[in-house]
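Overview (structure and organization)
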Amino acid sequence: MPRFLSSRPDSRLIPLPWDTPLTEWPTDFLVALPRGISRHVVRFIKVGSSVYAAKEVIEHLALHEYRTLTELHRTDTPAVEPVGVVTGRMGADGRDLDPVLITKHLEFSLPYRALFDHGVRPETVSRLLDALVVLLVRLHLIGFLWGDVSLSNVLFRRDAGQFAAYLVDAETAEIHEALSDGQRAHDLQIAITNLYGEFCDLEAGRMLDTSLDPLKLVESIDQRYRDLWAELTGVEEFSGQETYRIENRVRRLNALGFDVAELDIRTSPDGSTIRIQPKVVDAGHHSRRLLRLAGLDTEENQARRLLNDLDTFRARTNQQHVDEAVVAHQWLTECFQPVVTAVPADLRGKREAAQIFHEVLDYRWYASQRQNREVPLLEATHGYIQDVLRALPDEAMSPSSMTPLGGEEGRQLANPFDPSQGFLDDDGPMPEDPWETGAEEDLPAAGILDIAALRAQRG
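Rules used in this analysis
- Residues numbered from 1 in each chain as written.
- Predicted model: local features only at pLDDT ≥ 70, side-chain atom pairs only at ≥ 80, totals over all residues.
- Heavy atoms only, no water.
- Pairing = 2+ DSSP bridges.
- Helix = DSSP H or I, 4+ residues; strand = E, 2+ residues; numbered from the N terminus.
- Axes fitted to C-alpha atoms, helices over the stretch in contact; angles between N-to-C directions.
- Contact = heavy atoms within 4.5 Å.
- Buried < 20%, exposed > 50% of the residue type's maximum accessible area, 1.4 Å probe, protein only.

Sheet strands line up and pair through hydrogen bonds in the backbone, either parallel or antiparallel. What the five strands build is an open sheet, ordered β1-β4-β5-β3-β2; its pairing is antiparallel. Here the strands that pair on one side only, and so sit at the sheet edges, are β1 (3–5) and β2 (42–47). Neighbour-to-neighbour, the strand axes of the sheet open up by a mean angle of 25 degrees, direction not taken into account. Of the strand pairs in this sheet, β2 and strand β3 (residues 50–56) are connected by six bridges, and their pairing is antiparallel. When the sheet's bridge partners are listed, F44 is paired in β3 with A53. Packed onto the sheet, helix α1 (residues 59–74) meets β1, β3, β4 (82–87) and β5 (100–104) and runs at close to 165 degrees relative to β4.

Below is the structure:
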């Protein structure tokens, strides 16, 4: 009789055929969704309107990963949400089966291979790396040593022209009170090694733009990480006459999407110099503000874009003197909700609501420039739906998710419930991720994160 360990139990999971290996589960229980390469058997399970990811893994790793993900979820760190672990599984023939770790499917998320399948522009690759670096820094700030940093272990969600990265795999992770410089450097070296292998794999499969060099891409990761870490945690010393630089430091952190929870400020005995260092920084500056004002739970850059539109609405309606929360409610009912409501039900699986609103704003700007007039928001919404949204692939659970997925029209997956097995018409052996298959061996040791430009702009 299987045993369920869960802090958020879903009773609909209990009667599922846990006495059967995941590879042999009836397709009635499964959903075909894109996922990355994994050294374990992974399937997506649908119960009612909910979708879960199930991974077969040995017991101590399953329990360790479940508890690690639970801690990340408690601290509101971007990671998949753990649901439970199924242990004590036994097949019909009496043999023991590996436990299953169950996590909640992250809606509107994509593995990196699904993004590269249709071709990715060089600037998009830079945004993906930015998202990964931000995730790694956020993890290190809370004392989280990942141990297996790679694109394969991350899911990406669109975030208003950027991407937000979420941790998927925490088998090798450790949580400490704080990380030493050596521990952080070790994680960074693992990231560089793994990502170099992944970019080389994409290059060999002709999915990486020819202008991009895998070595230069991974070398940029080191500098992006060090710049962001220094900005979030570094010491800054200046003259006692330059106290304005304290506020400038906070503003720069806010611009990067972080709040300062604690700032260590020390002055010299004669008051001639001031030394400041952020001691505790919390990510989510803009998303917390939008949630407080409008009740919208979004990614950080989506929140930044929506708040900009809220500020524009406030200025256009001449309500600078009105309480911000009152204006936010008016913006929500007159701008945001009409756009979301205008989207037909069958197209709502294309993008999440905040991302749709951001893309409508972009569409309205381009339409206004093209037509040399100010295009009304709802007119732009209907144009966006017809010209853009209908042609986009689904990124959420929808009826189309139940059908075999294909990267190109007319191609069929060898196994629609395991996209990593490739297509039926592929020649030769199926591709393998060299850094995953060799995981047990000892491995050799521009974009939005332009910290220098931020410092030049904000002092």
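Let us now look at the sheet that holds strand β12 (residues 258–267). Strand order in the open sheet formed by three strands is β11-β13-β12, and the pairing between neighbours is antiparallel. In the strand order of this sheet, the two ends are held by β11 (236–239) and β12, each with one partner. Adjacent strand axes in the sheet meet at a mean angle of 30 degrees, parallel and antiparallel pairs treated alike. Taken together, the nine bridges between β12 and strand β13 (residues 273–283) define a ladder with antiparallel strand orientation. What sits directly across from F258, in β13, is A283.

The subject of this paragraph is unusual backbone geometry. Not every positive phi belongs to a glycine, and D76 is a case in point at roughly 60 degrees. Along the chain, D76 turns up in the loop between α1 and β4. Relative accessible area serves as the criterion here: at 64%, D76 is assigned to the exposed category. The backbone of N318 shows a phi angle near 55 degrees, a positive value even though the residue is not glycine. Judged by relative accessible area, which is 53%, N318 ranks as exposed.

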